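Fold and geometry: a report
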Amino acid sequence: MERPLSASQRRVAPDGGKLSLVSVRCDMAGTRQDTTRAALNHTHAMEPPYKVEVAGKSLPVLTNQDKGRYGVIVFENLDKYLNMDNWNRQLLDKYCRDYSVGIIGFVSPSEETLVGAQLRGFPLYVHTNLRLRDASLNPGSPVLRLTRAGDTAWGPLPGNDWAIFQHNHSGYEPLEWAQKNVMDYPTDGVAQPPLATVLQDHGQLDGIQRILFGSGLKFWLHRLLFLDSLSYLSHGQLSLSLNRYLLIDIDDIFVGEKGTRLKTDDVHALIATQSRIEEMVPGFRFNLGFSGKYFHHGTHEENLGDDMLLRNVAQFNWFSHMWNHQQPHLYDNVTLLMNDMMLNKDFAKEHGIPTDSGYSVSPHHSGVYPAHELLYTAWKKVWNIKVTSTEEYPHLRPARLRRGFIHRNIMVLPRQTCGLFTHTICIDSYPGGRDKLDESIRGGELFQTIVYNPINIFMTHMSNYGNDRLALYTFESVIKFLRCWTNLKLTSVPPLQLGELYFKLHPEERDPIWGNPADDPRHAKIWAGNKRRTTLPKLLGLGPQKTGSTAFYTFLSMHPAVASNLPNTDTFEEIQFFNGNNYYRGLDWYLNFFPLQPNDTDDKFMFEKSATYFDGELVPRRAHALLPKAQLVTILISPAKRAYSWYQHIKAHGDPIANNYSFYQVITANEAEPKALRDLRNRCLNPGKYAQHLERWLACYPQQQLYIIDGEQLKSNPVTVMNDLQRFLKLPLFDYSRHLRFDNKKGFYCQVVSENRNKCLGKSKGRQYPPMDDRSAKMLQKYYRIHNQALVKLLKKLGSRPIPQWLKEDLSVTS
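Here the structure is a predicted model, which means the values were calculated and not measured.

**Some thoughts on helix α5 (residues 220-233)**
In a regular helix each residue adds 1.5 Å, so 14 residues correspond to 20 Å; α5 covers 20 Å between its end C-alpha atoms and thus fits that length. Here α5 lies mainly inside the structure; 14 of its 14 residues are buried. One or two steps after α5, the chain reaches His235, where phi turns positive at roughly 60°.

**Points about the packing of aromatic side chains**
Using the criterion set out here, one finds 51 aromatic pairs in the structure. Measuring from ring centre to ring centre gives 5.6 Å for Phe286 and Tyr465, while their planes differ by 80°; the resulting arrangement is edge-to-face. With a gap of 179 residues between them, Phe286 in the loop between α6 (264-280) and β16 (287-290) and Tyr465 in the loop between β21 (455-461) and α12 (470-485) connect regions that are remote in the sequence. For the pair shown, Phe286 and Tyr465 are each scored as buried. One cation-aromatic arrangement involves Arg434 over Tyr473; the distance from NZ or CZ to the ring centre is 5.2 Å. Here the basic side chain of Arg622 rests over the ring of Tyr583, its NZ or CZ set 4.1 Å away from the ring centre.

**A few points about the pairing of strand β14 (residues 210-213)**
By the alternation rule, side chains of β14 split into Arg210 and Leu212 and Ile211 and Phe213, which are all buried. Summarising the sheet, strand β6 (residues 102-106) and β14 pair through 4 bridges and their orientation is parallel. Paired with Phe106 across the strands is Phe213, a residue of β14. Pairing of strand β13 (residues 195-201) with β14 involves 4 bridges; the strand directions are antiparallel. Note that in β14 the partner of Val198 across the bridge is Phe213.

**Quick look at the UniProt feature "active site" (unreviewed entry) in the protein chain**
When the UniProt feature table is mapped to this numbering, "active site" (unreviewed entry) covers Lys546. Here Lys546 lies in the loop between β23 (539-543) and α15 (549-557). Those residues in contact with Lys546, other than ones at most four positions away along the chain, are Ile637, Arg642, Ser645, Trp646, His649 and Tyr769. A polar contact of 3.5 Å, which involves the side chain of Lys546, links it to the side chain of His649.

**Digging into the pattern of salt bridges**
One pass over the structure, following the stated rule, counts 23 salt bridges. Residues joined by salt bridges that share partners form a network here, namely Asp201, Asp206 and Arg210.

**Quick look at the sheet that holds strand β18 (residues 387-390)**
Ordered in space as β18-β20-β19, the 3 strands form an open sheet in which the pairing is mixed. Looking at which strands have only one partner, the edges of the open sheet turn out to be β18 and β19 (405-407). Strand-to-strand twist in this sheet, taken as the mean axis angle between neighbours without regard to direction, amounts to 30°. Of the strand pairs in this sheet, β19 and strand β20 (residues 410-414) are connected by 3 bridges, and their pairing is antiparallel.

**Concerning α12**
Here α12 spans 23 Å end to end across 16 residues, near enough to the 22 Å set by a 1.5 Å rise per residue. The buried count for α12 comes to 12 of 16 residues, which makes it a mostly enclosed element. Considered for burial, the residues of α12 that qualify are Leu470, Ala471, Leu472, Thr474, Phe475, Glu476, Val478, Ile479, Phe481, Leu482, Cys484 and Trp485.

**Thoughts on unusual backbone geometry**
A cis geometry characterises the amide bond from Tyr369 onward to Pro370, with omega recorded as 0°. With respect to the helices and strands, the residue Pro370 is situated in the loop between α8 (334-350) and α9 (373-383). A cis amide bond links Tyr393 with the next residue in sequence, Pro394, at an omega value of -5°.

**Digging into the state of the cysteines**
Throughout this description, disulfide means a covalent bond between two cysteine sulfur atoms. Inspection of every chain in the model, using the stated rule, returns 1 disulfide. Linked covalently through their sulfurs, Cys750 and Cys760 form a disulfide whose S-S length is 1.9 Å. Judged by the torsion about the S-S bond (105°), the Cys750/Cys760 disulfide is right-handed. One end of the pair, Cys750, is in strand β29 (residues 748-754); the other, Cys760, is in the loop between β30 (757-759) and α25 (774-798), with 10 residues separating them in the sequence. On the basis of relative accessibility, which here comes to 1%, the residue Cys750 falls in the buried class. The thiol of Cys418 is not disulfide-bonded; the next cysteine sulfur, from Cys426, is found 16 Å away.

What counts as what
Residues numbered from 1 in each chain as written. Predicted model: local features only at pLDDT ≥ 70, side-chain atom pairs only at ≥ 80, totals over all residues. Heavy atoms only, no water. Helix = DSSP H or I, 4+ residues; strand = E, 2+ residues; numbered from the N terminus. Expected span 1.5 Å × (residues − 1). Buried < 20%, exposed > 50% of the residue type's maximum accessible area, 1.4 Å probe, protein only. Phe/Tyr/Trp six-rings, centres within 6.5 Å; stacked < 30°, edge-to-face > 60°. Lys NZ or Arg CZ within 6 Å of the ring centre and 35° of its normal. Pairing = 2+ DSSP bridges. UniProt positions renumbered as here; feature names shortened; annotations may be inferred. Contact = heavy atoms within 4.5 Å. Polar contact = N/O pair within 3.5 Å; in protein donor to acceptor, adjacent residues only side chain to side chain. Salt bridge = Lys/Arg side-chain N within 4 Å of Asp/Glu carboxyl O. Axes fitted to C-alpha atoms, helices over the stretch in contact; angles between N-to-C directions. Disulfide = S-S within 2.5 Å.

Shown next as structure tokens:
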């Protein structure tokens, strides 16, 4: 169904071939808008990645350097398009023609009922506010790709505000039909013609292709047609893959109260259903997770069911649950945890259960996220686990926000929601009953979940497969419904292969993002209790390096109401968690630097300073995920002076590149130079692009949480600077004038120890360097000019701090 682009279409494809989507409307309110955005947000797996931009009263900039910026235009209220002023309408229509861009429009609900009203500017007529039933699709429509025609969606359609289209031109083709609801519109048994509810405009009249919807996305079939419309109008570039991978875990094998467990007939039904599903989903096998301690803990008939499962071990895939179904986060000793895992492994070997799947699932998601490091360690040592899954990252709901990550070389895959839990044992106990279950299967949540997600992992429980076999009915039914209404290619592979596929599709998700478990009641419950005698910092010192961050750390640590992290033996006072490999050590590792003392309370004002945070590309997002309310302090000096100071600093520490190349050679190194030289150049120059890095922080944090210190003022007048900072942080007043004194020998302020004695920073601080050579100074003045100008604009925008004198001087120097 996908067509190659013509030469003219390729010429006007958006930048880099990545098509964007703009949703044009004048207001943000209303169910129609909400459901459309929800459908778009579900398609995070769409290739190539897309961007949604919302337009206001006027059109956004449509082109960039003679390339179209948008691949499809969506009007969530078609009236906004039809009634645009002539200038904007002509501009938009010309853009669509020139760049082969299509339009999707939704007829908006209205109190006014229209009968045979002509759409402005089109040979089309609409009837509105209708109640309809029995939708069917045009099997010959070129739009259909993911959606499969051939059946009828019997029954009343949702809502009483449907619009239908009538036309008398060959350039229009119905995509969907429906019938009037005979309960509302009696027909006396006379057959009625089908009514067009979704219409394709082939663009014969004005060169613009459009797809018009007579109702919104409440109707499940319209969600499919919307995806196909995006794909068709973008010439295949805004498309979801048709491949879907399906894995169904059955947790708690052998676990369950008497009366809820599998009997021999249930096991036979499980095998028979699996065989039928495998015909529809190649490679499919149920994935059974076992806890050996509870083997033969049921009734006599249920114990025979346990035996039947073991006689049919080869029929299923198997993975280890916990031996005693205990939550791993409750273990604080890795040896005990490993011993329990070994009990389950010994049970598996004794009963012929395979032990090499490389997959495991933790009871109640405990220990996977929030990550309990002992679980990851024990899993690797006992079972050589390479992949697991959870619903908890980054949060339980909504399911579309779940992501994967890799920690300790274990792939963590997101599970989706299927609506089956330990308490939904029978169909009648399903929340809302059979009707609600069937709604989820027939176009509802479960159906849509598989449509939108290329990889689907569902967790179920042994109790869902006994009694009236709720789970067997659910999955076989939804798979049949998918095959009836979609062209999706369903398949299944073992978990390890599934993990590799997932991170091939989503390589950007490999790195985890650690949040604060205490912020989520669900996460707090499955977080190891001994970690709660820690606290997180309320302030981050960002750096950058060689601006006075160590002095700042020292001065702030003097405050009696403030405490810093424990020192890192590798990097002295700096933890350097958010910007490097330490981040992959996990949250446990970070929290160990912030223990609460016996008399401390949870509101203890803790802080940490790592000067490498300032220009780290990933740092703001990582920091905000864990510390969204933290205050941020950064110290700025002349970027040229900072670059020179960094060069001299590492030269003094014996860096071979700095010792073999002059400062000028370093900062002017080109891309043909050795990598080590280019790396040093970047470490000298890049942190000084202050505005660029501050904007990245301000994209994550509100400006009220950012405090900028003039590094020259910190050096020459630290008492005033620290007093101002105290007020910003709302700390009890500490008289720095009694605790800081200028040291004539050192040439900077030091901590007062006694009347005649100061405690100063180490001899590496305050070191005097030879003056910077003129060539380097002129080069840096020119290099940083645009960045310094951007910094002035940013500081004026923030409005809270004066323009530093060094910044004025750097900009006043003539070339």
